[in-house]
Amino acid sequence: MSRDRASTVVRRAASVGVPNLIEVLLAAWLVATAASQHANRNFDRVRSNPWTMTLLPDWRFFAPRPAIHDYRVMYRWVDDAGEPSAWQDAAEIAPRRLAQALWFPERRTQKGLFDACTELTKAVGLDPDRLHRSVAYRLVRDYVERRISQRVPEPPRGFQFVVVADPGYDTNDTPDYLFASRFEPWRTDA
Amino acid sequence: MNRLSPPAAWRQALVIGVVPKSRFAALSRMERLSAATHLMSSAEQLARPQALERGGLNDWSVIVDGTPGSRPVRSVLNWVARPRVTRAIHVGRVMAAVVLVAPGRRRGVRLAANVVLATSSAVLHRRYWYGTDGADQVSMLAQGLATVARAGQRSPRIVDAALSAASLQGMMSYAASGLVKVASGPWGTGDAIIGVTRTRTYGDLRTWQLLRGRRNVAKALEIAVVALECVAPVVYIGGGRLTRPYVAAATVLHLGIAKVMSLGRFLTSFCSLHAPMIYTTAGRRNGLQYDRVTALAFGGGIGLVGAAAGHQALTRRTVERARGDEQRIELSDGNEISYRVVGDRAMPPEATGCAPVVMLEHGLASTPEHWEWIVRSLREHPGGATPTIVTWHRSGYGPSSHRPRTVRTMEDLAASSTELIERIASDRDVVLVGYSLGGYLAVLAAAKTQADVRGVVLVDTSHPDELRRSEKQRLGAERMEGAMTSMARSLSFGSGILLRCPPWVKALPIEVQRIALAQVRDPRTWRAGVREWDATQRDFDSKPQLQPLTCPMLVLTAGATRRDDPVQYELHAEMLELGDGGQHVTIDGANHDSIVTSRAHAAQVAEHINEFIATCMGDSRVSSNTNQRVVDAASTSEPPS
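Attention in this report is confined to the structure presented alongside it. Every value quoted in this text rests on a predicted model; they were computed, and no experiment measured them. (Residues numbered from 1 in each chain as written. Chains lettered and ligands numbered in written order. Predicted model: local features only at pLDDT ≥ 70, side-chain atom pairs only at ≥ 80, totals over all residues.)

## As for the overall build of chain A
Link 1 in the chain: Within chain A one finds five helices and five strands.
Link 2 in the chain: Ordered by position from N to C terminus, the α and β elements of chain A give α-α-β-β-α-α-α-β-β-β.
Link 3 in the chain: Over its C-alpha trace chain A gives a radius of gyration of 25 Å, far above what one expects of a compact globule, namely 16 Å for 190 residues.
Link 4 in the chain: Taken along the three principal axes of its C-alpha coordinates, chain A extends 90 × 40 × 40 Å.
Link 5 in the chain: Every one of the 190 residues in chain A was classed for burial, and the buried ones make up 37%.
Link 6 in the chain: Partitioning the intrachain contacts of chain A with sequence separation of at least 6 by distance along the chain shows that 51% fall at a separation of at least 24. (Helix = DSSP H or I, 4+ residues; strand = E, 2+ residues; numbered from the N terminus. Rg over C-alpha atoms; globule rule 2.2 N^0.38 Å. Buried ≥ 20, exposed ≤ 12 C-beta atoms within 10 Å, placed from the backbone. Contact = placed C-beta atoms within 7 Å.)

## Observations concerning the pairing of strand β1 (residues 70–78) of chain A
All names here are of chain A.
Link 1 in the chain: Taking burial as the measure, the nine residues of β1 include seven buried ones, the bulk of the element.
Link 2 in the chain: Note: β1 against strand β3 (residues 158–166), nine bridges, orientation antiparallel. Considered in β3, the bridge of Met74 is made with Val162.
Link 3 in the chain: Looking at chain direction, β1 and strand β2 (residues 88–89) are connected through two bridges and run antiparallel. (Pairing = 2+ DSSP bridges.)

## Points about the interface of chain B and chain A
Link 1 in the chain: Contacts between the two partners involve 76 residues from chain B, matched on the other side by 68 residues from chain A.
Link 2 in the chain: A per-element tally of the side of chain B that touches chain A places helix α8 (residues 156–183) of chain B first, with 13 residues.
Link 3 in the chain: Of the residues contributing to the side of chain B that touches chain A, the split by class is 34 nonpolar, 27 polar and 15 charged. (Nonpolar A, V, L, I, M, F, W, Y, C, P; charged D, E, K, R; others polar.)

## Comments concerning the environment of B:Glu330
Link 1 in the chain: The topology assignment puts B:Glu330 in strand β1 (residues 327–330).
Link 2 in the chain: In the structure, B:Glu330 is positioned 90 residues away from B:Leu420 in sequence and 9.3 Å away in space, judged by C-alpha atoms.

## Section: helix α15 (residues 292–321) of chain B
All names here are of chain B.
Link 1 in the chain: In this model, α15 (30 residues) spans 43 Å end to end at C-alpha, consistent with the 44 Å of a helix rising 1.5 Å per residue.
Link 2 in the chain: Residues of α15 that are buried include every one of Val293, Thr294, Leu296, Ala297, Gln312, Thr315 and Val319, and no others.
Link 3 in the chain: Just downstream of α15 lies Ala322, where phi reads positive at about 50 degrees. (Expected span 1.5 Å × (residues − 1).)

## Some words on the sheet that holds strand β5 (residues 429–435) of chain B
All names here are of chain B.
Link 1 in the chain: Read across the open sheet, the eight strands follow the order β1-β2-β4-β3-β5-β6-β7-β8; overall the sheet is mixed. The open sheet is flanked by β1 and β8 (582–587), the only strands paired with a single partner. Across the sheet, the axes of successive neighbouring strands diverge by a mean angle of 25 degrees, strand direction being ignored.
Link 2 in the chain: Relative to strand β2 (residues 336–342), β1 is paired through four bridges, and the arrangement is antiparallel. Bridging across to β2, Glu330 finds its partner in Glu336.
Link 3 in the chain: Most of the contacts of helix α18 (residues 410–425) go to strand β3 (residues 357–361), to which it runs at about 155 degrees, and overall it touches β1, β2, β3, β4 (388–393) and β5. (Axes fitted to C-alpha atoms, helices over the stretch in contact; angles between N-to-C directions.)

## Describing helix α14 (residues 274–281) of chain B
Residue and element names in this part refer to chain B.
Link 1 in the chain: Most of α14 sits out of view: eight of its eight residues are buried.
Link 2 in the chain: Within α14, the full set of buried residues consists of His274, Ala275, Pro276, Met277, Ile278, Tyr279, Thr280 and Thr281.
Link 3 in the chain: Summarising the contacts, the buried residues of α14 are in contact with α2 (23–46), α8, α12 (243–261) and α13 (264–272).
Link 4 in the chain: Gly283, located one to two residues past α14, shows a positive phi value of around 60 degrees.

## Thoughts on the packing of α2(B) against α13(B)
Residue and element names in this part refer to chain B.
Link 1 in the chain: As a packed pair, α2 and α13 sit with axes 7 Å apart at the nearest point and diverge in direction by 155 degrees. In terms of their interaxial angle, α2 and α13 are classed as roughly antiparallel. Crossing of α2 against α13: the hand is left-handed. When α2 is examined against α13, the residues Met30, Leu33, Ser34, Ala36, Thr37, Met40 and Ser41 are found in contact with a partner set consisting of Arg265, Thr268, Ser269, Cys271 and Ser272.
Link 2 in the chain: In the contact of α2 with α13, the residues fall into five nonpolar, six polar and one charged. (Parallel < 35°, antiparallel > 145°, perpendicular 65-115°, else oblique. Left-handed = near helix turned anticlockwise from the far one by under 90°.)

## With respect to the environment of B:Arg454
Residues and elements named next belong to chain B.
Link 1 in the chain: Here Arg454 lies in strand β6 (residues 452–459).
Link 2 in the chain: What makes Arg454 buried here is the crowd of 23 C-beta atoms within 10 Å.
Link 3 in the chain: Spatially, the C-alpha atom of Arg454 lies 9.9 Å from that of Val357, the residues being 97 residues apart in sequence.

## Brief notes about the environment of B:Gln327
Residue and element names in this part refer to chain B.
Link 1 in the chain: Along the chain, the position of Gln327 falls in strand β1.
Link 2 in the chain: Note on Gln327: 13 C-beta atoms within 10 Å, which makes it partly exposed.
Link 3 in the chain: Expressed as a C-alpha distance, the spacing of Gln327 and Val341, which sit 14 residues apart in the sequence, is 8.1 Å.

## Focus on the nonpolar core
Link 1 in the chain: The biggest cluster of nonpolar side chains holds 99 residues, and the ones touching the most others in it are A:Leu30, B:Met30, B:Leu145, B:Ala149, B:Ala162 and B:Ala165.
Link 2 in the chain: Per element, the largest residue contribution to this core is 15 residues, and it comes from α8(B).
Link 3 in the chain: Those residues in contact with B:Leu145 that lie beyond four places of it in its chain are B:Ala162, B:Ala165 and B:Ala166.
Link 4 in the chain: Membership of the second largest hydrophobic core comes to 70 residues, among which are B:Met359, B:Trp373, B:Val390 and B:Cys551. (Core = buried A, V, L, I, M, F, W, Y, C linked by C-beta atoms within 7 Å.)

## Let's talk about the packing of α12(B) against α14(B)
Residue and element names in this part refer to chain B.
Link 1 in the chain: Remark: α12 packs on α14, axes separated minimally by 10 Å, with the N-to-C direction vectors making an angle of 170 degrees. As the angle between them shows, α12 and α14 are arranged roughly antiparallel. The two elements α12 and α14 cross, and the hand of that crossing is right-handed. Together, Thr243, Arg244 and Val247 of α12 and His274, Met277, Ile278 and Thr281 of α14 make up the contact between the two elements.
Link 2 in the chain: A class-by-class count of the residues in the contact of α12 with α14 yields three nonpolar, three polar and one charged.

Pasting the structure below:
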């Protein structure tokens, strides 16, 4: 076979084979996406691999149940004399403004805290060692620790934080305490 | 390709005016709107550098511990996650997005910009695991498809394939969200929108104040939103004539969401999928030549339905075959029960060294395989003579049959247990062991049977007062009831193929994982659970008085139950008082599942059971008049909170 002919065969194979392959892969991706939208998340078998979780979009926005609570993270610290402080909010949520529809970087932090608290409250009931080693616990702990270091001039002996399901603007509903941390000794490098 | 006049190019760049009817107009609109979303997203991340540091919610030194992947993948992610590299990537993303948003039609440049945005989105996805949202997901998807289309731009077939996939994903994004809301949840009652708008994170004070006293308006809004989402497939009907009104309505929805919930990036990201929807649903009218993806996906969907039906049939066959050494017996209620004997039940007491028959009663919506580690430990390390062990499937579970109206009360369930005990172990001493609801059943059966019950063991048992006295149990029961009904319904429609393997199945010995998983994927297991739960609730509501037993008891409580639900721990202690002496032991570190399914915890449970059996049979170590509570040393150091 001459070089020109070989090159023609390869080009033709590519012109047919590549589009075919792309079409089949895209169709398989669509079927896998459809198969991973069950209302009950126990049926997320297709999505159970962490990488398929990245590749397959999850279209179940605000479904089946939207968030109807804020996660409110509160903390208190113990000073050198052993006196506990009053409980304080670790994060304040700014009131809604129209400009936030265009520019709202703080939402990223709020969403990050929301995701970490969701994961943390799901881990309640786990073995305490596992819970305290979990990524969500450590993220919230470190977040609170940084807030304290920004607000308290002298390093305290340690601190404790709680995660509360707060009804937001609705003052007729009561907050629900979801998680109370252990006493966290202050780390010298904090 | 015709060059656009400068004003037309800018109009297209600003994605206004023109309805994208042609292949390249649709592609251009998709990649521009999606790039605008990336632009905003990266600008937001650059504006909050502290998020990457310690105490930030994207601190990689913490997140890396929850990130899966092989060593090369993790090496790449570790490099990408260096704050300087992450910031440099964002700067590159901003530049690539600007290139795509601005007018300019050079294929190579646009392809490169698309590649930068698509690959960086995928690589940064884990980095921003906490704080990422649906707009990021949609823009990553759209930019990935734009990359495929630009790479194969010389082949209209490849561009059409990418646009068809984008269109189908766009349609699915609405339809799936709507259908899941219809299937369950509070949508349609007014509670969903009022509930969301009251939150400070996603809500809006003025909107909430407007809606809270106008439930009918909230309800109408919810119905309108869900209806709009559910009817998304209509864009594929009538040659796409409904697509433009549909995307117009959807855009209004996204504008509302942007205003009320401050989710502005959702507007640009979702609208990026509208252009492919308009182009592809009109088919040949817009010049679509190749729509094999839609046909292939449709065919794949039908194939998936067929595979689901086949999987369900195979699952049922696996359940019916069970482990192969089961025996069957027809009880007086007409139900044919499957049970399994480990050891020889026919052996006379002299031959077994006075070892009893140990009857294991499984929990609600549970399987006899839950007992597997305990069965093995009881046989391998007996405290005295090796016991004969019986596990069984209650009516409706596994291969056991269920005749209508035979399981209506706890008395019906206890009667089945009692009859089975008496028919297969009448000539032997019996020890009853029950887990969860099976524990309560074991108490009822022990009080009712004529067999010689020498002891009762309750493993993290249910108590008839638990729903009244323990808020944690009451809330758990509400969730469980909904979950069981949902599982039964979904599995009846053949969704078993999509059901994840629960962690407790993976904790069991490998030889029984297949049969245990088949039972979890069998809708009959969940229907039996729903039936039994109905009977249980009626029984608990009637405030039954439990009869004292004439044998000693061993009550085992999971450490997590004791720690998290002190009321349930107290109820377990009260259960112990029904017996003629006994012990209450906490299995430290165990939770309600792992107390039977974890090898280590099951070994501890089996050790306590073996000691208890030896005591019961030797009748030497248990005081018959006092309740002896033995709590292990570890748990005494941590009193219930």
